[in-house]
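# Fold and geometry: a report
Read off the chains here:
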Amino acid sequence: MKPVSSVFLLFLFSIFYCKSENIEKENTDNNPYEFHIGGVLSSNASEDYFKLTIEHLNFNTPFMKPGNTFYAHSIKMDPNPIKTALNVCKQLIVRRVYAVIVSHPQIGDLSPAAVSYTSGFYHIPVIGISSRDSAFSDKNIHVSFLRTVPPYSHQAEVWVELLKYFNYLKVIFIHSSDTDGRAFVGRFQTTSQNQGDDIEKKVQVEAVIEFEPGLSFFDNQLNEMKNAQARVYLMYASKIDAAVVFRDAAKRNMTEAGYVWIVTEQALDASNVPEGTIGLKLVNASNELAHIYDSIYILASAITDMNRTKTITPPPADCDNSGAIWDTGKTLFEYIKKQVYKDGHTGKVAFDNNGDRIYAEYDIVNVKEVANKDAIGKYYFNNDLNKMKLRLNESNIIWPGRLKKKPEGFMIPTHLKVLTIEEKPFVYVRPLKKDDGNSCNSDEIMCPLYNTSSKVLDPIVYCCKGYCIDLLVELSETINFTYSLSLSPDGQFGNYEIRNNSASGKKEWNGLIGEIVYERADMILAPLTINPERAEFIEFSKPFKYQGITILEKKPSRSSTLVSFLQPFSHTLWVLVMGSVHVVALVLYLLDRFSPFARFKLINADGTEEDALNLSSATWFAWGVLLNSGIGEGTPRSFSARVLGMVWAGFAMIIVASYTANLAAFLVLERPKTKLSGINDARLRSTMENLTCATVKGSAVDMYFRRQVELSNMYRTMEANNYETAEDAIRDVKNDKLMAFIWDSSRLEFEAAQDCQLVTAGELFGRSGYGVGLQKGSPWSESVTLSILDFHESGFMESLDDKWIFQGRVEQCEDQEKTPNTLGLKNMAGVFILVAVGIVVGMVLIVIEIGYKKHHVRKQNRLQLARNYGQTWRAIVQKRKMMRMQGRTSGVGALSLSVEALPRSVLNIQSPIRSIETLPRTCRNSPSPTRAWSGRQMVHRKSDDIPLRSPIGGPPQLHFHNNLM
């Protein structure tokens, strides 16, 4: 299906094309075959040549459509423009002319305009062959006017090429205030600024001197020109006005050696044009016949092209019919503008959008004597390059003062106004004190501040020193100039922005750049970054210091908390270690208690027996092994418990060694790293991160961020935080108010060398350099650049780096980095607090123990007192019972068994009788009958080592229990 559809569509298209072609052919077939051309010429010879050329045209096949015929109708131009307009109506328009070729009258200059007005009313194209006034380029007035000669203002393009050839980049423009003069200066400025292929050779107009035509003297303007720096004068003036200017300039010797005059064709015809002047002459400007020839053939080619494709209607035939507007005339005008005649008698003929001739050729003329004007070059169309080309024979040029050598074109000032700005370490600024005796130190230069925004006219005097000041002194001695140094009026480097007081909303430069752009200063010697925005308006030397952009931040100090000594282990590991202590203690206690070998009693050397391992002793043992505090008592006794103790000791050794090593790494060896990795750090580019960064408003760094599309989000975030000066930003970084300051690497490296707590983050980006700023076309540019290159080669710039930027402090910070950190109280405060807590807890516990012990003693005393009373009562009862029994048994008198009744020899006991509680456990627990008392036991007392007491107030007594009773 697809091939069939394609064939069908192709068939339909062929039918449609053939029909449209037939329709077009039918329309063009109805076009007229006869075309009348009118001419308003200056002489009879021109009329004859006009008619002859059209006759020959009818036999020139490339320009003619077969069957077409051209007819010539001409009239002689009248100096009276009204008569000329009437003649055009009565003798040309009535003959239905398709176009009119008009020359220039021999007397007067308004007749071509009259022809243009009359024909243009009906949109009949008019081709001028000698009218060069700029007014004819205005299509609002001359709606259908074209010309084969360029307007005078087109000479500006040749001037620009001449200035570039001679390398004259600063000029003074002199022109009359008429239409042609203003058009000339406007085209010159546009052309000079649109040299896109060579930015370094843009011509700067230092001053524009405008005068009224018909002047009688030019003294005031010449005085202004003489005070300017430029010595190249471009002048557009009539022949009469130029003579006045040359006369007054000669009186002031401004036409002698050192000056350059480049003038237009009219000024070149002045009678007193000075020797050495360079001017222009349009090739074939006065050859009216050649222009008639080119105009006829251009017109014939346009009519032939239109006749092939467009429907042509007859032109108007009556000037009285004011309502008839010829649409074909508009179409013919556009066709004429598109024509390009390469082999014309006047060169390559073409037109711009205004109908003005382009590709016109000029001779470059040098005035060697008043009557001798020699051509020294030509401005012509190069077919190989397909553009206009300037060719000069410079060796044949005679300059003012009859010099053969090209003048410099400017007056070289020997005293320069130099500007700088405070920026450590490049420029240190301090106020001049009264104690200094109104003079700075030997290594300083006085640098007043002229505050333009203040009403106070007296400047504030400062003293300046630093990297740039030393460089300025060396430059002045090397290339021999004097200077006066001052500070930036507004304290800024320069920003291109809309001023508040600018009603037109035009952008202007402020700061250092503005002072140079508006020629209020000659040189900037400061850490001024070279960038495209600034280089478009001022001139830079070669960089005296190469640098880039980096980020300054404060070193992140690792926070030392009260528990920093716990950092070597994680919280989980500490919990496991603490738990392991008590688990191992519990297992040791169980192993030692249930082991059968732990039941054997060991008698110590002092005759006492060793106690068994209880839970408290096991816990003490586990902590003692872990903390390596030594174990005095309470060690495991069974083999299984001792094996576990050995394993626990190995575990403790590994834990303690690991803790010690990791603690050293945490508190001594670890160095804090920078928080940012560089400009590509995601935290800088993310608007969600709470990270503040900033730069200086209107600085080169600020321009860099505005220029980088990929940093647009970051710039919008940091724009609100930008500072007025770098000093404020660096201070806030030190005070932790700003996290990152983005600025020139030279300054930030200096700050990092001064304060080891500051550090630059990441690699350099936006690499550029610091250069000396000068005015466009400054005569000092080359000398300053060559001197700076010599300084680099000789090592002078390196000495400035060592003296002002590094100052030997980089090694101090590096040594400090290599030295281990010294532990301070803030690092180990937690350990001391732990000891203090232990002391406090111990004191609290001892108070509790003492209180508890006193309470326990009082309780035991009360219990003992009750026992004593009980024993006394019991002894009395026992005594009575025994007495009764004895009395019953023996029948003898009662036997007193009281202690008082016993003989004192019985009571003479050599050693105190110990209670059963004070006896060794082996005695108390032994079942051996040899250790028992015969049928009697001593009273069991629960208090430890409390001696037997007698009843209150009585002697000690022995009390017995008779278990057999």
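Numbering of residues starts from 1 in each chain and follows the order in which that chain's sequence is written. Given that this is a predicted model, residues contribute local features only at a pLDDT of at least 70 and side-chain atom pairs are listed and counted only at 80 or more, while totals for whole chains, interfaces and linings are drawn from all residues. Hydrogens and water molecules were not included; the side-chain quantities draw on all heavy atoms of the structure.

This part takes up the overall build of the protein. Helix and strand assignments come from DSSP, with helices taken as H or I runs of at least 4 residues and strands as E runs of at least 2, each series counted from the N terminus. When helices and strands are counted, the protein shows 27 helices and 32 strands. Of all 965 residues assigned to the protein, the portion counted as buried reaches 43%. For the protein, restricting intrachain contacts to residue pairs at least 6 apart in sequence, the fraction spanning at least 24 positions comes to 71%. Here the protein displays about 52,000 Å² of accessible surface, and carbon together with sulfur accounts for 55% of that area. Think of it in three bands: residues with accessible area under 20% of the maximum for their type are buried, residues over 50% are exposed, and the middle band is partly exposed, with areas taken using a 1.4 Å probe on protein chains only. Any two residues having at least one pair of non-hydrogen atoms within 4.5 Å are treated as being in contact. Here the Shrake-Rupley method, with its probe set to 1.4 Å, supplies the accessible areas, and only the displayed protein chains count as covering residues.

With that out of the way, let us pick up empty space enclosed by the protein. Grid points spaced at 1 Å and placed over the protein atoms alone form the basis of the search, with a cavity being a set where a 1.4 Å probe fits but cannot get out and a pocket an open set showing protein on both sides within 12 Å along at least five of seven lines. Lining residues have an atom within 4 Å of a point. Grid points are joined across faces, edges and corners, and a volume is the space filled by probe spheres set on the points. This model, assessed by the stated rule, comprises 4 cavities of 30 Å³ or more. Of the pockets and cavities examined, the largest cavity occupies roughly 50 Å³. Lining the largest cavity are Gln-229, Pro-413, Leu-416, Asp-522, Leu-774, Gln-775, Ser-778, Pro-779 and Trp-780. Gly is placed with the polar residues, together with every amino acid not listed as nonpolar (Ala, Val, Leu, Ile, Met, Phe, Trp, Tyr, Cys and Pro) or charged (Asp, Glu, Lys and Arg). Split into classes, the residues belonging to the lining of the largest cavity amount to 5 nonpolar, 3 polar and 1 charged. Considering the residues around the second largest cavity, the lining is formed by Thr-148, Val-149, Pro-150, Leu-282, Val-283, His-291, Thr-346, Arg-357, Ala-360 and Glu-361.

Turning next to the sheet that holds strand E18 (residues 428-431). In this description, strands pair whenever DSSP reports at least two bridges between them. Here we have 3 strands laid out as an open sheet, ordered E18-E20-E19, and antiparallel in their pairing. The two strands at the open ends of the sheet, each matched to only one other strand, are E18 and strand E19 (445-446).

So, about the nonpolar core. Proteins that are soluble and globular tend to have nonpolar side chains buried together. With 52 residues, the main nonpolar core has Val-40, Phe-70 and Ile-336 as its most contacted residues. In terms of residue count, the dominant contributor to this core is helix H10 (residues 288-309) (10 residues). Once residues lying within four places of it in the same chain are set aside, the contact partners of Ile-336 are Pro-125, Ile-127, Leu-146, Ile-298, Leu-299, Ala-302 and Phe-351. One finds Phe-493, Leu-528, Leu-552 and Leu-748 within the second-largest nonpolar core, a separate group that totals 46 residues. The criterion is simple. A nonpolar core is a set of buried Ala, Val, Leu, Ile, Met, Phe, Trp, Tyr and Cys residues joined through side-chain atoms within 4.5 Å.

Another aspect to go through is the sheet that holds strand E29 (residues 758-770). The sheet built from 4 strands is open, its strands ordered E27-E28-E26-E29 with mixed pairing. Edge positions in the sheet fall to strand E27 (693-694) and E29, since each of these pairs with one other strand and no more. Bridge count for E27 against strand E28 (residues 740-744) is 2 bridges, and the pairing is parallel. What sits directly across from Cys-693, in E28, is Ala-740. Here helix H19 (residues 700-707) sits on the sheet in contact with strand E26 (545-554), E28 and E29, set at roughly 105 degrees to E28. To define axes, lines are fitted to C-alpha atoms, for helices over the stretch in contact only, and angles between the resulting N-to-C directions are given on a 0 to 180 degree scale. Contacts from helix H22 (residues 745-754) reach E26, E28 and E29, with the element oriented near 50 degrees to E26.

Spacing of three or four residues puts side chains on the same side of an α-helix, whose turn is 3.6 residues. With 9 of 11 residues buried, helix H4 (residues 111-121) lies mostly within the body of the structure. For H4, the set of buried residues is Ser-111, Pro-112, Ala-113, Ala-114, Val-115, Ser-116, Thr-118, Ser-119 and Gly-120. On its buried face, H4 sits against strand E1 (34-41), helix H3 (81-92), strand E3 (97-102), strand E4 (126-128) and strand E5 (145-147). One or two residues past the end of H4 sits His-123, with phi positive at roughly 60 degrees.

To continue, consider the confidence of the model for the protein. Known as pLDDT, the predictor's confidence for each residue is given on a scale from 0 to 100. Averaged over all residues, the pLDDT of the protein is 80; the fraction at 70 or higher stands at 78%. pLDDT under 50 marks residues 1-26. Its contacts with residues more than four places away, or in other chains, come to 2 contacts. With pLDDT under 50 throughout, residues 892-965 is counted as low confidence; its partners more than four residues away or in other chains account for 75 contacts.

A cis amide bond links Lys-424 to the next residue, Pro-425, at an omega of -5 degrees. With respect to the helices, strands and loops of the structure, Pro-425 is situated in the loop between strand E17 (415-420) and E18. The backbone of Tyr-359 shows a phi angle near 65 degrees, a positive value even though the residue is not glycine. Its location among the elements puts Tyr-359 in the loop between strand E13 (357-358) and strand E14 (362-369). Tyr-359 gets classed as partly exposed once you look at its relative accessible area, which sits at 28%. Even without glycine at this site, Asn-386 takes up a positive phi of about 55 degrees. Within the secondary structure, Asn-386 is located in the loop between strand E15 (372-382) and strand E16 (387-392).

With respect to the helices and strands, Asp-681 occurs in the loop between helix H17 (639-669) and helix H18 (682-685). Residues within four places of Asp-681 in sequence aside, it is in contact with Lys-675 and Leu-676.

Glancing now at a nonpolar patch on the surface. Patches draw on residues past 30% relative accessible area with no salt bridge. Two like charges within 9 Å are joined, as are two nonpolar side chains (Val, Leu, Ile, Met, Phe, Trp, Tyr) within 5 Å. Think of a salt bridge as a Lys or Arg side-chain nitrogen and an Asp or Glu carboxyl oxygen that are within 4 Å of each other. A contiguous nonpolar surface patch, about 580 Å² in accessible area, is contributed by Ile-833, Val-837, Val-840, Val-841, Val-844, Leu-845 and Ile-848. Residue placement: Val-840 occurs in helix H26 (residues 825-890).

What follows deals with the state of the cysteines. Put plainly, two cysteines are in a disulfide when a covalent bond ties their sulfur atoms together. Two cysteine sulfur atoms form a disulfide, by the criterion used here, when they sit within 2.5 Å. Within the structure shown, the criterion is met by 3 disulfides. In this model, Cys-89 is linked to Cys-319 through a disulfide, with the two sulfur atoms separated by 2.2 Å. Judged by the torsion about the S-S bond (-95 degrees), the Cys-89/Cys-319 disulfide is left-handed. Of the two residues, Cys-89 is situated in helix H3 and Cys-319 in the loop between H10 and helix H11 (327-338); the sequence distance between them amounts to 230 residues. For the pair formed by Cys-89 and Cys-319, the shared burial category is buried. There is a disulfide in this structure between Cys-447 and Cys-464, and the S-S distance comes to 1.8 Å. With the S-S dihedral at roughly 85 degrees, the linkage between Cys-447 and Cys-464 falls on the right-handed side. On the criterion of sequence distance, the pair formed by Cys-447 in the loop between E19 and strand E20 (462-465) and Cys-464 in strand E20 is long-range, its members being 17 residues apart. With relative accessibility at 0%, the residue Cys-464 sits in the buried group.

A word on the side chain of Ser-192. Inspection of the secondary structure assignment puts Ser-192 in helix H6 (residues 179-193). Judged by its relative accessible area of 1%, Ser-192 falls in the buried class. Within the structure, Ser-192 has its side chain in polar contact with the backbone oxygen of Gln-189 (distance 3.0 Å). Once residues within four sequence positions are removed from consideration, Ser-192 is found in contact with Val-160, Lys-202 and Val-203. Polar contacts here mean pairs of N or O atoms no more than 3.5 Å apart (in protein, one a potential hydrogen donor and the other a potential acceptor; neighbouring residues in sequence count only if both atoms are side-chain atoms).

UniProt positions are given in the numbering used here, feature names are shortened, and annotations may be inferred rather than shown by experiment. When the UniProt feature table is mapped onto this chain numbering, "binding site: L-glutamate" (unreviewed entry) sits at Pro-527, Thr-529, Arg-534 and Asp-744. By the element assignment, Pro-527 lies in the loop between strand E24 (523-524) and helix H14 (532-535). The exposure class assigned to Pro-527 is buried, which follows from its relative accessible area of 2%. Examined against the element boundaries, Arg-534 turns out to sit in helix H14. Classification of Arg-534 by relative accessible area gives buried; the value is 1%. Leave out the neighbours within four places in its chain, and Arg-534 touches Phe-493, Gly-494, Trp-509, Ile-513, Leu-528, Thr-529, Phe-540, Gly-698, Ser-699, Ala-700 and Met-703.

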